[in-house]
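Chain by chain, the residues:
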Amino acid sequence: MSNTTPQKFEFQAEISQLLDIFTHSLYTEKEIFVRELVSNAADALEKLRHTQLTEKEVLDDKLALEINVTTDDKAKTFTIQDFGIGMTQAELIENLGTIAHSGSKAFLKAIGEGEAKNTSLIGQFGVGFYSAFMVAKSVRVYSRSWRTAEPGHVWTSDGSGSYEIEASEGERRGTKIVITLKDDAADFATDWKVKEILERYSAFVSFPITLNGKRVNTIQALWLRNKKEIKAEEYTEFYKFQAHAFDEPRLRLHFSADAPLAINALLFVPKDNTEKLGFSRLEQSVALYCRKVLIDARPKQLLPEWLRFLKGVVDSEDLPLNISRETMQDKALIEKLNKVITKRFLKFLEDEAKNHLDAYNEFYAEFGIFLKEGAAMDYTHKDQLTKLLRFESSLTEKGKTTSLADYVTRLGSEQKEIYYLVGPNRAAIENGPYLEGFKARNLEVLFCYEAVDEYVMNNVREFDGKKLTGADHADVKLSDLPKPEGALSEDDTKKLTGWIKDTLGERVAEVKASDRLVDSPVLALNADKMMSPHMRRMMKAMNKDGAEAPLRVNLEINPRHAILKRLFELHTASPDKAKLVAEQLLDNALISAGLLDDATAMVARLNKLLESM
Ligand code: ADP
Ligand code: MG
């Protein structure tokens, strides 16, 4: 069929509808048409490569498999040529004239569902060939099939209801699309503009892309290569390029999965946690690719919030070919991807913790805060995340940590709870009054140094059937210790606690002999069971309700301590002085708990006590 008179065709009704949207679109990111045409060209080259494997006779068999883009800012044209599979006349009609073969189908479906005015949808879909009409006055498609007997044709349209096809002599194999740009889209005829777009969307396309004769894509889609053949430097180079980073990645996970979805992913943990350094909150930045073409550099739902520190690429190239790109925008599919990747990454961390302890601990020191966030907020992954948490404890050396699982292996059979204490650092917790009762009973206590820890522990609630319990919570019950010699008798202790309660009045809710004090004279427990002293401090720092409620504490005294024994004598012999001592003991306990708000009264009292030396 090589008639030289142009034949005129009407577009299918749906195509006309699409064209109408694109030609009149005010959508700002018109540049995605470049992505669409490059991806079509790459598809055509890929198809040719397959064809060459099975067909003996292929037109222009020696032509390089590449994509050439040229711009002409005088003529205001944008041209993209590939030496791919090409199209016969029948294919031109079928592929570019009917919706059946267009990636725009899903887009049209979505706008059919009442979102016609919502042009923001354009960027989210693989809208396909017709997106060219966002920028085109007219489009010419020169194409010649790989089949040697087929002549070349040129397909022409200005995007109104019809197109023309006529024979075209001298075409090589493949497709050349020439776009004459609208005046307001003339930028796309400039080298700088097109270069920037190609670098963004098509950096990893595996066929060489040239722009005005210069190669633009030189980085390989490393995630699709065999792990065993990739050198560490290549990974680092890729990371720096893809994440716009300057550091070396701390950890990397390169994996592919076949079920339930075909995924190739290459994920990196950067060296530093920039949020910790005080930079702004990170944003999810693992990019989503489909067969090496960028779909979305920052797909928000691809990973859970707490994985926002990850860098890298997720690609769905191995998806069966009938799942087309627009399906990738499907929410359910993104959710599935999210599930698979998150699970795999958590498994990776578990393995790291097992096999590369030092690397894991260094990672944890930097990024552990994100795992805590996940453990506290992401119900789906809470259990796996809780296993990954690490804490110093009363049984570890300074700087060494334990997991909750290891803690549990050390517990005695009667211990039903996992204890923790929150404080600014190890020394503060070790020197405070709360730990000693646990130490005396050989009960391990986890040490928590971060502001969020109390919140995390409260949300995680339990591990392996053991409740996570603050060692400074008022309702912790500890077993009896043998009474050492020389303690106040039970009777005397009762008298003393009664007197202290009367003396301190409203400031204390309860005064009792402590089962957890060994060396310290007193300690204060928040009378509100739900709120530990640390929690109250935090609420106060955040200026939250609850902090301002009048402070009432339970005061526990140590009947073995010399001060209390002395106080017992003093409270009958010299009640005025004893009152000062009791008040001072309460303030001391509040200071240890970090609960003393105003020290002025205390200083005056101390001075009075010192006078009586
Ligand atoms: P999709 O790529 O999702 O199929 P498009 O609207 O982008 O949808 O393209 C429609 C069809 O046109 C393609 O499926 C393909 O058959 C054909 N086509 C587009 N560009 C080319 C090309 N450069 N070479 C060969 N065929 C092409
Ligand atoms: Mg396409």
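Nothing here was measured: the structure is a model prediction, and the numbers come from that model. (Residues numbered from 1 in each chain as written. Chains lettered and ligands numbered in written order. Predicted model: local features only at pLDDT ≥ 70, side-chain atom pairs only at ≥ 80, totals over all residues. Heavy atoms only, no water.)

Of all six residues that make up strand β17 (residues 417-422), five are buried, and the element is covered over most of its length. Alignment of β17 against strand β20 (residues 466-470), held across four bridges, turns out to be parallel. Residue pairing for β20: Tyr 420 is matched across the bridge by Gly 470. With four bridges connecting them, β17 and strand β18 (residues 445-448) associate as parallel partners. Looking across to β18, one finds that Val 422 is bridged to Cys 448. (Buried < 20%, exposed > 50% of the residue type's maximum accessible area, 1.4 Å probe, protein only. Helix = DSSP H or I, 4+ residues; strand = E, 2+ residues; numbered from the N terminus. Pairing = 2+ DSSP bridges.)

This next bit is on the side chain of Lys 382. Looking at the element boundaries, Lys 382 is found in helix α10 (residues 382-388). With no salt bridge to any partner, buried Lys 382 finds its closest opposite charge in Asp 383, at an N-O distance of 5.0 Å. Within the local environment of Lys 382, its side chain forms a polar contact with the backbone oxygen of Val 460, the two atoms lying 3.1 Å apart. Residue contacts for Lys 382: discarding those within four places in its chain leaves Ala 375, Asn 459 and Val 460. (Lys, Arg positive; Asp, Glu negative; His and termini not counted. Salt bridge = Lys/Arg side-chain N within 4 Å of Asp/Glu carboxyl O. Polar contact = N/O pair within 3.5 Å; in protein donor to acceptor, adjacent residues only side chain to side chain. Contact = heavy atoms within 4.5 Å.)

Quick look at the packing of helix α18 (residues 575-593) against helix α19 (residues 600-611) now. At their nearest, the axes of α18 and α19 sit 10 Å apart, and the two run at 135° to each other. As far as their axial angle goes, α19 and α18 are oblique. The way α18 lies across α19 gives a crossing that is left-handed. Contacts between α18 and α19 involve Lys 577, Leu 580, Val 581, Glu 583, Gln 584, Asp 587 and Ile 591 from the first element and Met 602, Arg 605, Leu 606, Lys 608 and Leu 609 from the second. When the residues that make up the contact of α18 with α19 are grouped by side-chain class, the tally is six nonpolar, one polar and five charged. (Axes fitted to C-alpha atoms, helices over the stretch in contact; angles between N-to-C directions. Parallel < 35°, antiparallel > 145°, perpendicular 65-115°, else oblique. Left-handed = near helix turned anticlockwise from the far one by under 90°. Nonpolar A, V, L, I, M, F, W, Y, C, P; charged D, E, K, R; others polar.)

Right, let's get into unusual backbone geometry. Positive phi, close to 55°, is recorded for Lys 76, a residue that is not glycine. Assignment of secondary structure puts Lys 76 in the loop between β2 (67-72) and β3 (77-82). Of note in this structure, Asp 464 is not a glycine but carries a positive phi near 55°. Its location among the elements puts Asp 464 in the loop between β19 (462-463) and β20. Given a relative accessible area of 53%, Asp 464 falls into the exposed group.

This paragraph deals with the confidence of the model for the chain. When pLDDT is averaged along the chain, the result is 88; 89% of the residues meet or exceed 70. Taken as a whole, residues 318-328 scores under 50 in pLDDT and shows 23 contacts with residues more than four places along the chain or in a different chain. (pLDDT = per-residue confidence, 0-100.)

So, about the sheet that holds strand β23 (residues 553-557). Picture the strands of a sheet paired through backbone hydrogen bonds; they go either parallel or antiparallel. On the basis of which strands lie adjacent, the open sheet formed by three strands has the order β21-β23-β22 and mixed pairing. Looking at which strands have only one partner, the edges of the open sheet turn out to be β21 (508-513) and β22 (522-526). The sheet shows a mean angle of 20° between the axes of neighbouring strands, taken without regard to direction. Sheet topology places β22 next to β23; five bridges connect them, and they run antiparallel. Across the sheet, Ala 524 pairs through a bridge with Leu 555, a residue of β23. Against the sheet, helix α15 (residues 490-504) makes contact with β21 and β23, and its axis sits at roughly 165° relative to β21, the strand it touches most.

Turning next to the sheet that holds strand β5 (residues 153-157). Reading across from one edge, β1-β6-β5-β4-β7-β3-β2-β8-β9 is the order of the nine strands in this open sheet, with mixed pairing throughout. Edge positions in the open sheet fall to β1 (7-10) and β9 (214-215), since each of these has one partner strand only. Judged from the eight bridges that link them, strand β4 (residues 136-144) and strand β7 (residues 174-181) form a sheet pairing that is antiparallel. Considered in β7, the bridge of Ser 138 is made with Thr 180. Sheet strands in contact with helix α3 (residues 89-97) are β1, β4, β5 and β6 (162-167), and its direction is about 160° off that of β6. Sheet contacts for helix α6 (residues 191-201): β2, β3 and β8 (209-211); angle to β8, the most-contacted strand, approximately 160°.

On to the pattern of salt bridges, then. Using the criterion set out here, one finds 26 salt bridges in the structure. Note that Glu 373 and Arg 308 form a salt bridge whose closest N and O atoms lie 2.9 Å from each other. With Glu 373 in helix α9 (residues 357-377) and Arg 308 in the loop between β13 (293-296) and β14 (311-315), the pair connects residues that are 65 residues apart, well separated along the chain. Linking Glu 444 and Arg 410 is a salt bridge whose minimum nitrogen-to-oxygen distance equals 2.8 Å. A residue pair is termed long-range when its members are at least 10 positions apart, and Glu 444 in the loop between α13 (436-440) and β18 and Arg 410 in helix α11 (residues 404-410) qualify at 34 residues. What makes Glu 444 buried here is its relative accessible area of 4%. Arg 410 gets classed as partly exposed once you look at its relative accessible area, which sits at 42%. The network of salt bridges with shared partners includes Arg 507, Lys 579, Glu 583, Asp 587 and Arg 605.

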